[in-house]
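Okay, here's what each chain looks like letter by letter:
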Number of protein chains: 2
Amino acid sequence: MANKKRKVHFEPGNVDITVEQGSNLLEVAIQAGVRPIASCGGAGTCGTCKVLIEQGEVESTRTDKVSDEEYQRGLRQACQSKILTDLVVHIPVESRLETAVLTRERKGVATGDQPEALATGWRFNPPLSKFFVELPPPTLGDNISDLSRMLRSLKQHYKIRNMTVDFDVVRKLPQILRDGDWKVTVTTLVTAVEPRVADRRRRRVINVQPGNISRKHYSLAFDIGTTTVCGQLLDLNHGKVVAEGIEYNGQISYGADVISRIAYSQKSGGLPKLQQAVVTTINGIIEQLLTQSQADIEDIGHLTVAGNTTMIQILLGLDPKYIRLSPYTPAATYIPPVKASSLGVKVGEHVYLFTFPLAASYVGGDIISGIVASGVHQTKKLTYYMDIGTNGEIVIGKSDWLVTAACSAGSAFEGGGVKHGMIATSGAIEEFSINPSNLEPVVGTIGGEKPKGICGSGLINIVAGLLEVGIISQNGKFNTDLPTRRIREGSDGYEYVLAKAPKTQINKDIVITEVDIDNLIRAKAAMYAGCQTLVTSVGMTCQDIEQVIIAGVFGSHLNIEKAITIGLLPDLPPDRFVFIGNGSLLGARLTSFSTDMLDDARRVAKVMTNFELSENAAFMNNYVAALFLPHTNGNEFPSVIKRLADLADNSSKRRVTV
Amino acid sequence: MANKKRKVHFEPGNVDITVEQGSNLLEVAIQAGVRPIASCGGAGTCGTCKVLIEQGEVESTRTDKVSDEEYQRGLRQACQSKILTDLVVHIPVESRLETAVLTRERKGVATGDQPEALATGWRFNPPLSKFFVELPPPTLGDNISDLSRMLRSLKQHYKIRNMTVDFDVVRKLPQILRDGDWKVTVTTLVTAVEPRVADRRRRRVINVQPGNISRKHYSLAFDIGTTTVCGQLLDLNHGKVVAEGIEYNGQISYGADVISRIAYSQKSGGLPKLQQAVVTTINGIIEQLLTQSQADIEDIGHLTVAGNTTMIQILLGLDPKYIRLSPYTPAATYIPPVKASSLGVKVGEHVYLFTFPLAASYVGGDIISGIVASGVHQTKKLTYYMDIGTNGEIVIGKSDWLVTAACSAGSAFEGGGVKHGMIATSGAIEEFSINPSNLEPVVGTIGGEKPKGICGSGLINIVAGLLEVGIISQNGKFNTDLPTRRIREGSDGYEYVLAKAPKTQINKDIVITEVDIDNLIRAKAAMYAGCQTLVTSVGMTCQDIEQVIIAGVFGSHLNIEKAITIGLLPDLPPDRFVFIGNGSLLGARLTSFSTDMLDDARRVAKVMTNFELSENAAFMNNYVAALFLPHTNGNEFPSVIKRLADLADNSSKRRVTV
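Reading guide: rules and limits
- Residues numbered from 1 in each chain as written.
- Chains lettered and ligands numbered in written order.
- Predicted model: local features only at pLDDT ≥ 70, side-chain atom pairs only at ≥ 80, totals over all residues.
- Heavy atoms only, no water.
- Helix = DSSP H or I, 4+ residues; strand = E, 2+ residues; numbered from the N terminus.
- Rg over C-alpha atoms; globule rule 2.2 N^0.38 Å.
- Contact = heavy atoms within 4.5 Å.
- Areas by Shrake-Rupley, 256 points an atom, 1.4 Å probe, with all protein chains shown as cover.
- Lys, Arg positive; Asp, Glu negative; His and termini not counted.
- Charge placed at Lys NZ, Arg CZ, Asp CG, Glu CD.
- Least-squares fit on C-alpha atoms with pLDDT ≥ 70 in both.
- Buried area = accessible area lost by both parts, 1.4 Å probe.
- Salt bridge = Lys/Arg side-chain N within 4 Å of Asp/Glu carboxyl O.
- Polar contact = N/O pair within 3.5 Å; in protein donor to acceptor, adjacent residues only side chain to side chain.
- Nonpolar A, V, L, I, M, F, W, Y, C, P; charged D, E, K, R; others polar.
- Expected span 1.5 Å × (residues − 1).
- Axes fitted to C-alpha atoms, helices over the stretch in contact; angles between N-to-C directions.
- Parallel < 35°, antiparallel > 145°, perpendicular 65-115°, else oblique.
- Pairing = 2+ DSSP bridges.
- Phe/Tyr/Trp six-rings, centres within 6.5 Å; stacked < 30°, edge-to-face > 60°.
- Buried < 20%, exposed > 50% of the residue type's maximum accessible area, 1.4 Å probe, protein only.
- Lys NZ or Arg CZ within 6 Å of the ring centre and 35° of its normal.
- Core = buried A, V, L, I, M, F, W, Y, C linked by side-chain atoms within 4.5 Å.

Draft legend 1. A look at the overall build of chain A. From N to C terminus, chain A includes 19 helices and 31 strands. For chain A, whose C-alpha radius of gyration is 27 Å, the value lies close to the compact-globule estimate of 26 Å for 658 residues. In terms of overall dimensions, chain A has C-alpha extents of about 105 × 70 × 40 Å along its principal axes. At a minimum sequence separation of 6, the contacts of chain A that also span at least 24 residues come to 68%. A total of about 24,900 Å² of accessible surface is found on chain A, and carbon and sulfur atoms cover 49% of it. The distance from the centre of the 68 positive side-chain charges to the centre of the 68 negative ones in chain A is 4 Å.

Draft legend 2. View of the relation of the copies chain A and chain B. Screw-axis analysis of chain A against chain B gives a translation of 0.1 Å along the axis, an RMSD of 0.1 Å, and a rotation angle of 180 degrees. The transformation relating the two chain copies, once decomposed into turn and shift, fits a two-fold axis. The residues that chain A uses at the interface reappear at the interface of chain B in 100% of cases, marking a shared surface.

Draft legend 3. Up close: the interface of chain A and chain B. Between chain A and chain B, the contact holds 44 residues from the first and 44 residues from the second. Of all residues in chain A, Leu140, Phe167 and Tyr322 of chain A give up the largest surface area on contact with chain B, accounting jointly for 19% of the area buried on that side. Counting the contacts that link chain A with chain B gives zero salt bridges. Here chain A is connected to chain B by 22 residue pairs in polar contact (both at pLDDT 80 or more). Listed by contribution, the elements that provide at least two residues to the side of chain A that touches chain B are helix 5 (146-158), strand 9 (164-165), helix 6 (167-179) and helix 10 (321-324) of chain A. With seven residues, the top contributor of residues to the side of chain A that touches chain B is helix 6 of chain A. Its residues placed into classes, the side of chain A that touches chain B shows 24 nonpolar, twelve polar and eight charged.

Draft legend 4. Structural context of helix 8 (residues 270-293) of chain A. For helix 8 of chain A, with 24 residues, the first-to-last C-alpha span of 35 Å sits near the 34 Å given by 1.5 Å per residue. One or two positions beyond helix 8 of chain A, positive phi appears at Gln294 of chain A, with a value near 60 degrees.

Draft legend 5. Up close: the packing of helix 16 (residues 583-593) of chain B against helix 17 (residues 595-607) of chain B. All names here are of chain B. Following both chains from N to C, one finds helix 16 and helix 17 inclined at 125 degrees, their axes separated by 5 Å at the closest point. It follows from the interaxial angle that helix 16 and helix 17 lie oblique. Residues Leu590, Thr591 and Phe593 of helix 16 form the contact with helix 17, whose participating residues are Thr595, Met597 and Leu598. Within the contact of helix 16 with helix 17, the residues separate by chemical class into four nonpolar, two polar and no charged.

Draft legend 6. Region of interest: the pairing of strand 3 (residues 50-55) of chain B. All names here are of chain B. Examined bridge by bridge, strand 3 and strand 5 (residues 75-77) share three bridges and lie antiparallel to one another. Across the sheet, residue Leu52 finds its bridge partner in strand 5, namely Leu75. Note: strand 3 against strand 7 (residues 87-90), three bridges, orientation antiparallel. By the bridge assignment for strand 7, Ile53 is matched with Val89.

Draft legend 7. Up close: the packing of aromatic side chains. Residue and element names in this part refer to chain B. Applying the stated criterion across every chain, the model contains 14 aromatic pairs over all chains. When the centroid spacing of 6.1 Å and the interplanar angle of 20 degrees are considered together, the rings of Phe619 and Tyr623 count as stacked. Pair noted here: Phe619 and Tyr623 are both in helix 18 (residues 617-625), with a separation of four residues, about one helical turn. Considered together, Phe619 and Tyr623 belong to a single accessibility category, that of buried residues. It is Arg62 that lies over the ring of Tyr71; its NZ or CZ is 4.6 Å from the centre. Directly above the aromatic system of Tyr71 lies the positively charged group of Arg76, at a separation of 3.6 Å from the ring centroid.

Draft legend 8. View of helix 17 of chain B. Residue and element names in this part refer to chain B. Counted at 1.5 Å a residue, the expected span for helix 17 with its 13 residues is 18 Å, and the 19 Å between its end C-alpha atoms agrees. Those residues of helix 17 that sit buried are Thr595, Asp596, Met597, Leu598, Asp599, Asp600, Ala601, Val604 and Ala605. One side-chain oxygen at the N-terminal end of helix 17 lies 3.2 Å from the backbone nitrogen of Asp596; it belongs to Ser594.

Draft legend 9. Region of interest: the nonpolar core. Ranked by size, the top nonpolar core spans 125 residues in total, and within it Phe10, Leu25 and Phe222 of chain B carry the most contacts. Setting aside anything within four residues of it in sequence, one finds Leu25 of chain B in contact with Val8, Phe10, Val51, Ile53, Val58, Ala78, Ser81, Ile83, Leu87 and Val89 of chain B.

See the structure below:
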């Protein structure tokens with residue numbers, strides 16, 4: 001059996017790969033770059049990696065995720081299939097990641113003028129600097145060492161002293177000084193571990209290049225998300241973004257969320273494979289950025305990365321095992337400087353990787369980065385900073401104090417646990433309205449294509465819409481008395497048909513079920529209860545919140561009114577809400593521009609108090625009370641209660657008149 | 001021709017090696033570990049690597065270093081020979097390095113009680129420390145990161161704060177904390193680049209090990225000499241040397257002195273080969289030290305190395321090219337910390353290599369180390385510190401100031417440029433006396449064997465002896481009127497026969513020629529003139545010197561009286577001379593024991609003023625004046641002049657009476 005080679009042909013994409021007989025089909029698809037979705041990371045429990053075996057044979061363990069009809073058509077879970085013969089494999093539309101839609105996310109990131117204004121009081125003083133110096137050539141009367149000569153000139157010309165020097169600089173210095181005819185460009189970096197010397201952190205000399213190339217002075221800022229990775233190339237001479245790129249995190253085929261990634265990392269060879277996957281993604285983006293900007297890889301001097309604790313630990317090759325096990329300890333709050341090339345990142349050998357300090361295993365450097373970027377640590381306003389997602393990281397505070405928690409919201413916001421749930425990519429239903437008179441829906445999808453499923457923001461809009469017209473009641477149950485065939489009993493209980501099979505890409509009715517609604521209620525309840533718990537811990541109420549900063553790409557597509565309607569966001573006037581987009585990337589960029597921000601990030605990580613909600617009694621009470629639309633305590637959502645009552649009035653009036 | 005394999009058999013040693021036809025015989029001998037001497041590094045100019053081709057054929061370029069008789073016997077310069085067929089090669093005794101005699105050097109190194117007392121005012125506070133800590137296991141109420149937990153405990157138990165941490169420590173920390181059941185041993189290092197925080201340099205956490213192993217706490221001190229490499233394993237808990245080792249520097253077959261090593265480093269692949277050679281030597285010594293001490297390699301936490309600038313740059317892989325080219329600039333005065341394993345040294349990955357700062361290309365870290373070890377920087381006495389050798393490094397000064405210079409003494413002290421010169425190994429004539437009545441010599445050799453040649457200290461004793469009995473006059477010329485056949489005319493002019501062929505190992509008369517004497521006079525003149533130049537630059541004279549510290553193994557075997565007689569040492573009372581032995585190794589050891597010494601070394605390197613003598617007019621005048629035995633200015637050597645006069649008196653009286 002072993003060593004027999006088999007050819008696998010994937011469609012769409014026309015990709016061929018030759019592998020050993022017996023290989024796992026999901027692993028082979030990942031290797032071939034076909035990028036199937038596999039939310040559970042190959043455990044066989046999600047059913048998202050179903051593929052159609054058009055020719056050839058696989059040996060496949062059948063789970064309840066494959067229906068009889070699907071099985072007979074030739075659909076198999078790739079993760080459960082061993083390759084026996086040469087194959088022709090078709091990846092169905094619902095199992096495919098599409099990259100076209102990523103540009104919509106990029107837009108959110110790029111429109112950075114207003115959010116940048118949130119953080120104030122920072123000077124433009126990048127940690128990375130380039131200095132051109134012309135040295136007096138050595139003579140017998142002045143033959144100090146090459147390094148001393150260079151440091152002396154830096155001191156004379158730029159008043160910089162007390163620097164540390166990387167050994168690699170010493171290694172190449174003699175030749176470069178002479179190649180440059182004693183004119184060189186010196187790159188220095190201020191790292192977070194360097195001590196302050198007279199109001200400035202000490203600089204580290206990380207590179208020296210012949211001649212004057214100080215005008216080529218770039219830095220990279222990255223956000224490593226569980227789903228997507230975004231990178232920007234920054235021109236440090238002009239303080240601007242010169243190129244941007246975004247890609248799905250290459251780990252996505254190993255699991256949709258951090259828990260499944262951690263699970264995968266515990267398999268033999270799992271951690272290096274995940275690390276390699278995200279590094280490949282980063283390298284791909286760097287290549288895009290260089291192509292866009294015509295910059296040279298040698299002119300990139302620094303790499304700032306923000307991400308959640310799991311993403312950062314995997315990137316650094318730090319076993320994330322204990323993040324997942326109670327009491328949930330990360331490896332380190334502050335990661336010491338590490339050479340990016342030692343991780344496989346394709347940048348010069350002098351480039352250090354800076355990662356943001358973190359607050360806890362589930363409140364990572366991405367949140368610290370976002371807090372710093374949005375100036376929460378500087379404002380006098382009581383602020384609620386939220387990043388909506390599986391971990392639902394929330395921060396409450398202002399300049400004097402900051403408290404934080406992660407709310408285990410479940411994956412409903414990312415389409416998980418939802419019958420037709422999907423990530424926010426093309427074909428996902430996002431817009432939703434309903435005609436109150438005939439209860440017929442109007443759906444809009446990302447990219448305007450025929451619908452494939454429902455994304456998280458779509459789910460919120462749908463549930464809010466169904467609530468407003470009374471199709472569901474405040475406990476999330478369907479009102480089965482209404483005169484519409486859209487409400488029907490399905491295999492998972494009652495459901496509402498959003499799109500009929502012929503009008504979909506998947507040739508199946510797309511529905512929302514009571515189970516789906518229940519999952520969303522749990523998710524929103526966790527976040528609201530978390531907010532309430534933090535706010536009451538400091539003796540205030542949700543109504544005291546003066547500013548809500550919504551971070552994340554998800555947030556950018558959130559309809560505030562609908563999110564208040566279901567009880568996800570607190571019932572506050574619309575002008576208190578601010579979308580910051582990718583706060584994590586924004587913080588990484590601002591920190592690349594300002595050493596002050598570097599200091600701020602450390603200070604924020606230090607003062608931030610983390611609440612572990614998993615065994616917090618107050619949280620449990622708040623959570624149970626929030627398992628209602630919008631809330632069991634109507635006083636928390638006075639405007640919603642009033643509006644629902646008005647709508648119910650209107651609708652009963654209308655029905656009477658019809 | 002290419003790729004044909006040939007077998008070469010070496011004797012003595014019974015070593016076989018199979019190599020490609022056409023290979024260079026010297027390179028092959030080095031590769032086979034046969035260790036021939038090759039003073040010029042394979043340039044063909046020294047004739048020390050002559051070997052006897054007993055069977056087979058080589059293609060050899062003949063130089064004037066091979067006499068007709070030698071050529072006919074089958075002797076060839078290995079460096080000039082290409083292997084054509086299978087060979088049987090005999091390495092003659094004069095071309096062999098013997099290791100047995102190294103133990104005599106080791107003895108010099110070990111007797112460290114008195115010299116250690118020279119340096120005062122240092123506390124026992126090693127830069128390397130081990131701390132055992134027991135951490136409270138994490139709970140949901142206390143789930144800070146693993147690293148923060150460890151640093152917190154170190155702060156609580158040992159009042160250590162503000163540490164930096166190596167990334168590799170973070171990488172392994174989570175698993176080690178749990179393997180050790182929250183009891184771990186933390187290794188910290190104070191490097192020279194760490195800033196002071198409240199009278200202490202900041203510590204760097206370089207290692208963490210499960211359990212309590214703080215009693216296994218070792219450090220390595222090395223002196224990398226051009227000829228020999230000495231290493232010691234230090235127990236930092238008890239402040240003592242637990243094992244010692246010495247070996248010839250593996251580079252020795254690539255050239256005897258730093259200049260030929262630098263020349264070799266410029267050949268294609270030369271630098272890596274030299275680097276590899278010394279690293280192999282170091283690794284061999286480490287293996288010896290571990291065997292002697294039963295210590296474990298993982299328990300070694302630091303490596304302190306002293307050596308001249310060329311040796312250190314080659315060890316670090318820094319191109320030494322510019323050391324040799326005017327104006328003689330080294331790469332760096334202070335070498336940043338570098339991981340020893342990155343250079344190929346076989347120690348744990350956490351081990352940093354510390355190299356001493358240097359004063360100049362030819363006044364290296366070995367001198368700084370020796371100065372610190374002998375307390376020159378602390379004494380009120382005007383001190384002359386000297387390391388006798390090719391570069392003849394000298395330092396004049398005391399606690400307030402230090403001036404230094406390297407005197408290009410030539411290689412006479414190491415047996416170079418001397419017809420029967422050799423390095424100080426077994427069979428070298430070292431002791432010499434002469435019967436004034438019949439002018440017959442009595443010679444004593446190192447190891448007591450039949451003589452093979454003359455080492456540097458022997459040369460001094462011989463020339464002083466010949467001068468005292470009037471066989472040579474003060475200008476170094478033979479008195480050919482004397483009634484002895486020992487004085488005769490040879491191929492290089494007049495010579496004195498020290499040993500007749502049958503009484504030697506080489507079956508040739510061993511002689512000293514006028515050319516040899518002239519070379520010694522040049523060498524001693526360079527050192528004396530250097531001393532004079534430095535002393536007069538500060539407005540004093542050689543007679544004002546209150547203390548002379550003689551470093552180096554050569555120094556340890558120097559006869560003070562004879563060295564004064566020829567004018568190498570200043571004419572001072574014997575109690576002003578102190579032998580420090582291997583000052584470089586001593587400094588490396590003391591620095592491993594005391595962070596104070598680390599600071600001292602940096603301070604000394606900073607304050608020391610280097611004189612470049614090569615274009616110094618005063619030096620040239622002093623040098624010319626010193627080309628006489630002992631000196632053209634008799635006032636510089638009053639006691640010698642008086643003694644020579646007395647001896648001449650006695651001898652003329654005796655001859656009259658005979």
